[in-house]
Amino acid sequence: MKISARNRLKGRIVEVRKGATTAHVRIDVNGTVVTASITNEAVDDLGLTAGDEAIAIIKASDVMVAK
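The structure presented is a predicted model; accordingly, all values stated were derived computationally and were not measured.

Visitor: Could you give an account of the pairing of strand 1 (residues 8-18), with specific residues and numbers?
Guide: Pairing of strand 1 with strand 4 (residues 53-57) involves five bridges; the strand directions are antiparallel. Across the sheet, residue Arg-8 finds its bridge partner in strand 4, namely Ile-57. Of the pairings in the sheet, the one linking strand 1 to strand 2 (residues 22-29) comprises six bridges and is antiparallel in character. Residue pairing for strand 2: Arg-12 is matched across the bridge by Asp-28. The hairpin formed by strand 1 and strand 2 contains three residues between the paired strands.

Written as structure tokens, this is what we have:
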């Protein structure tokens, strides 16, 4: 798969928690955990399970910084 996004973080899925319609997929990227909210259908289509390698692709129009 080719994709134009440059913000790609490769890691390993540590947890998939399904809700009523949306799942939270937690990916460990070198000791930092990134959480993605995706549909349950997407989890099933991709066959995501804990232990799988995955890539978090981040596409955002805004980045907020707080101190």
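Visitor: Quick rundown of the pattern of salt bridges? Include the residues and the values.
Guide: Oppositely charged side chains may form a pair once their charged atoms are brought near each other. With the rule as written, the count across this model stands at five salt bridges. Between Glu-53 and Arg-12 there is a salt bridge whose closest N-O contact spans 3.3 Å. One end of the pair, Glu-53, is in strand 4; the other, Arg-12, is in strand 1, with 41 residues separating them in the sequence. Note on Glu-53: relative accessible area 52%, which makes it exposed. The exposure class assigned to Arg-12 is partly exposed, which follows from its relative accessible area of 41%. A salt bridge links Asp-44 to Lys-18; its shortest N-O distance comes to 2.5 Å. A residue pair is termed long-range when its members are at least 10 positions apart, and Asp-44 in helix 1 (residues 40-46) and Lys-18 in strand 1 qualify at 26 residues. Within the structure, one salt-bridge network assembled from shared partners comprises Lys-10, Arg-12 and Glu-53.

Visitor: How would you sum up the nonpolar core? Please name residues and give values.
Guide: Ile-13, Ala-23, Val-25, Ile-27, Val-29, Val-43, Leu-48, Ala-54 and Ala-56 together form the largest nonpolar core, which totals nine residues. For this core, the secondary-structure elements that each account for two or more residues are strand 2 and strand 4. For this core, the leading source of residues is strand 2, giving four residues. Not counting the four nearest positions on each side in its chain, Val-43 is found in contact with Val-16, Lys-18, Ala-23, Val-25, Ile-38 and Leu-48.

Conventions we followed
- Residue numbers here run from 1 along each chain, matching the order of that chain's written sequence.
- Restriction of local features to residues with pLDDT of at least 70 applies here, the model being predicted, together with a cutoff of 80 or more for giving and counting side-chain atom pairs; totals for whole chains, interfaces and linings are based on all residues.
- Think of the side-chain values as coming from all heavy atoms in the structure, minus any hydrogens and water.
- One requirement defines pairing of two strands: DSSP has to find at least two bridges between them.
- Only DSSP runs of H or I with at least four residues qualify as helices, and only runs of E with at least two residues qualify as strands; both kinds are numbered from the N terminus onward.
- Put simply, a salt bridge is a Lys or Arg side-chain nitrogen that is within 4 Å of an Asp or Glu carboxyl oxygen.
- Residue exposure (1.4 Å probe, protein chains only): buried if accessible area is under 20% of the type maximum, exposed if over 50%, otherwise partly exposed.
- In these notes, a set of buried Ala, Val, Leu, Ile, Met, Phe, Trp, Tyr and Cys residues joined through side-chain atoms within 4.5 Å is what counts as a nonpolar core.
- Contact criterion: two residues are considered in contact whenever any of their non-hydrogen atoms come within 4.5 Å of each other.

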